2 protein chains.
Amino acid sequence: MKQIIAETSLINEFPILTKMPNDLLERLNATAFWRRYELGEQVQNRKESCDGLMKVKSGSLRVFMQSESGKEITLYRLYKNDTCVMSASCLLNNMDVDFLIEAETETIVILLPTTYLRNASDSYPILKDYLNELVQQRFSQLTWVLQQVVFSSMPTRLATYLIEMYVNGGSKNLELTHERIATDLGSAREVISRLLKYFQEEKLVSLSRSHIELLNIDRLKQIK
Amino acid sequence: MKQIIAETSLINEFPILTKMPNDLLERLNATAFWRRYELGEQVQNRKESCDGLMKVKSGSLRVFMQSESGKEITLYRLYKNDTCVMSASCLLNNMDVDFLIEAETETIVILLPTTYLRNASDSYPILKDYLNELVQQRFSQLTWVLQQVVFSSMPTRLATYLIEMYVNGGSKNLELTHERIATDLGSAREVISRLLKYFQEEKLVSLSRSHIELLNIDRLKQIK
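Since the structure is predicted, the reported quantities are computational estimates derived from the model, not experimental observations.

Caption draft 1: Local environment of the overall build of chain A. Secondary structure assignment for chain A yields eight helices and 12 strands. For chain A, long-range pairs separated by at least 24 residues make up 69% of all intrachain contacts whose partners lie at least 6 apart in sequence.

This is the structure in structure tokens:
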């Protein structure tokens, strides 16, 4: 799906563009397009791919790292109206990271392709500044993940994760496999299953196939 | 120790300044100074402190995170001619990180104080760009630490750490306590002592009080 975007809509999505001169805006506008990813589709498989800046309009993207042996850890997710800068990281000289991105559901994004962005960000420091501020946000998020991994116990991380999923999705009924949770937390499925079973015995959650219902958010928050 | 720096020397240390106009350079030069930190002195104890951009001229700085309970993990070290941007992170709007910095030996730095840098980086995008490129380098380093913690076993991390210390210090005789290594790797002293003992049995290292001699670098590199 490649569909031209109205100029007003592009400015609405990326307000930073109001500060660009008209001719540049027109050029960016002519190259920007909507793109749809299917469930599970890879948006970026290695750092060489660098499609451009994306704004998520529906669905969700998962940004993660993978080891040589295929082990994964999820760094963060992007939902409606979040902007994905890692798909444009080649615009930033010193970003040497190897993040992968996949669509977790059918996901629609507005894409500003790298080629035109590169010229624009070289000529307009304000645009480069904008990209850098997005990177700084992700830096903070990465720091948070590292803190969790090093300083928090797995029970605390699991409880934090379940609450986060509830806050993002708006429902206490989570459609989640134990495998999925293990991948997100960089752990093993057996470890997660054991902990969830313990949470169930403590009446914090109720488990059924690919499904977890949160029964006591307040007590989950207190897990140490 | 607060000592005025010759203008030529400031430009040598921060070549980016050649692109600044003369009056700004003069002002920066008038505020820049040498500072000496004693062994163990805190350079930055919480994110509120934001002294400015530092260039290490001798000694070494350790950048680390600390949990509420006092557990630590070392993110990276800065040696001679490395530039410390985390001590100026308040200049970057979206950097919300809580890094601590301490001098590991007597350390001398050249400091460009935040107050003057702030005006300069607002007026000169090229300077802000420079700060952002330093942040991007650290981003890549942080990603590496996270990868190590999540994907590598502790024996591999310990071996990598010992080799890194050898490469940085230039000697196979490392003055290191087990406690120090544990703090750097975000682990417990007992875990490190047990592993080092195993390394010694395998004739990879030789241990004595506060001292580790590396006996076989090639085999240390192969530890899985």
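After presenting the structure, the write-up continues.
Caption draft 2: Main features of the nonpolar core. Grouped together as the largest cluster of nonpolar side chains are 82 residues, with contacts concentrated most on Leu131 of chain A together with Leu131 of chain B. The contacts of Leu131 of chain A, once residues within four sequence positions are left out, are Val85, Ala88, Leu91, Leu92 and Ser121 of chain A.

Caption draft 3: Inspection of the sheet that holds strand S3 (residues 52-58) of chain B at higher detail. All names here are of chain B. Strand order in the open sheet made by the four strands is S1-S8-S3-S6, with antiparallel pairing throughout. The open sheet terminates on both sides in strands that have one partner only, identified here as strand S1 (33-37) and strand S6 (83-84). Inspection of the sheet shows S1 paired to strand S8 (residues 107-113) by five bridges, in the antiparallel sense. Residue pairing in the sheet places Phe33 in a bridge with Leu111 of S8. Packed on one face of the sheet, helix H3 (residues 114-123) meets S3 and S8 and runs near 50 degrees to S8.

Caption draft 4: Representation of the sheet that holds strand S11 (residues 211-214) of chain B within the structure. Residue and element names in this part refer to chain B. One open sheet holds the three strands; their spatial order is S9-S11-S10, and the pairing between them is antiparallel. Edge positions in the sheet fall to strand S9 (173-174) and strand S10 (205-208), since each has one partner strand and no second. Relative to S11, S9 runs antiparallel, the two sharing two bridges. When the bridges of S11 are listed, Asn173 appears paired with Glu213. Helix H7 (residues 189-201) contacts S10 and S11 of the sheet and is inclined by roughly 125 degrees relative to S10.

Caption draft 5: Just the relation of the copies chain B and chain A, in detail. Screw-axis analysis of chain B against chain A gives a translation of 0.0 Å along the axis, an RMSD of 0.0 Å, and a rotation angle of 180 degrees. Such a turn and shift between the copies fits a two-fold axis.

Caption draft 6: A look at the interface of chain B and chain A. Chain B puts 29 residues into the contact, and the matching count from chain A is 29 residues. It is helix H4 (residues 125-151) of chain B that provides the largest number of residues to the side of chain B that touches chain A, a total of 18 residues. For the side of chain B that touches chain A, the per-class residue count stands at 14 nonpolar, 10 polar and five charged.

Caption draft 7: Broad picture of the domain arrangement of chain A. All names here are of chain A. With domains assigned, chain A is organised as domain 1 (3-150) and domain 2 (152-221). Taking only C-alpha atoms into account, the centre of domain 1 sits 29 Å from that of domain 2. Each partner contributes residues to the interface: domain 1 has seven residues there, and domain 2 has six residues. When contributions to the side of domain 1 that touches domain 2 are tallied by element, the ones reaching two or more residues are strand S6 (72-78) and helix H4 (125-151). If you tally residues by element for the side of domain 1 that touches domain 2, the top one is S6, at three residues.

Caption draft 8: Highlighting the environment of Gln42 of chain A. Positionally, Gln42 of chain A belongs in strand S3 (residues 42-44). For the pair formed by Gln42 of chain A and Arg62 of chain A, sequence separation is 20 residues and the distance between their alpha carbons is 9.7 Å.

Caption draft 9: Seen up close, the pairing of S8 of chain B. All names here are of chain B. Of all seven residues in S8, five are buried; the element is thus mostly enclosed. Bridge analysis of S3 against S8 gives six bridges, and the strand direction is antiparallel. Across the sheet, the residue bridging to Met54 is Leu111, located in S8.

Caption draft 10: Looking closely at the confidence of the model for chain A. Overall, the predicted model of chain A reaches an average pLDDT of 90, with 97% of residues at or above 70. Two summary scores accompany this predicted model of the complex, namely pTM at 0.86 and ipTM at 0.84.

Caption draft 11: Representation of helix H6 (residues 178-185) of chain A in the model. All names here are of chain A. Taken together, the buried positions of H6 are His178, Ile181, Thr183, Asp184 and Leu185. Taken together, the buried residues of H6 touch S6, helix H5 (154-169) and helix H7 (189-201). Gly186 sits one or two positions beyond H6 and adopts a positive phi of about 65 degrees.

Caption draft 12: Region of interest: the packing of H5 of chain A against H7 of chain A. All names here are of chain A. Where H5 contacts H7, the axes come no closer than 11 Å and their chain directions differ by 75 degrees. Between H5 and H7, the crossing angle belongs to the class labelled roughly perpendicular. Note on element contacts: H7 touches H5 through Val191, Ile192 and Leu195, opposite Met154, Pro155 and Leu158. When the residues that make up the contact of H5 with H7 are grouped by side-chain class, the tally is six nonpolar, no polar and no charged.

Conventions we followed
- Residues numbered from 1 in each chain as written.
- Chains lettered and ligands numbered in written order.
- Predicted model: local features only at pLDDT ≥ 70, side-chain atom pairs only at ≥ 80, totals over all residues.
- Helix = DSSP H or I, 4+ residues; strand = E, 2+ residues; numbered from the N terminus.
- Contact = placed C-beta atoms within 7 Å.
- Core = buried A, V, L, I, M, F, W, Y, C linked by C-beta atoms within 7 Å.
- Buried ≥ 20, exposed ≤ 12 C-beta atoms within 10 Å, placed from the backbone.
- Pairing = 2+ DSSP bridges.
- Axes fitted to C-alpha atoms, helices over the stretch in contact; angles between N-to-C directions.
- Least-squares fit on C-alpha atoms with pLDDT ≥ 70 in both.
- Nonpolar A, V, L, I, M, F, W, Y, C, P; charged D, E, K, R; others polar.
- Domains from an automatic or database assignment.
- pLDDT = per-residue confidence, 0-100.
- Parallel < 35°, antiparallel > 145°, perpendicular 65-115°, else oblique.

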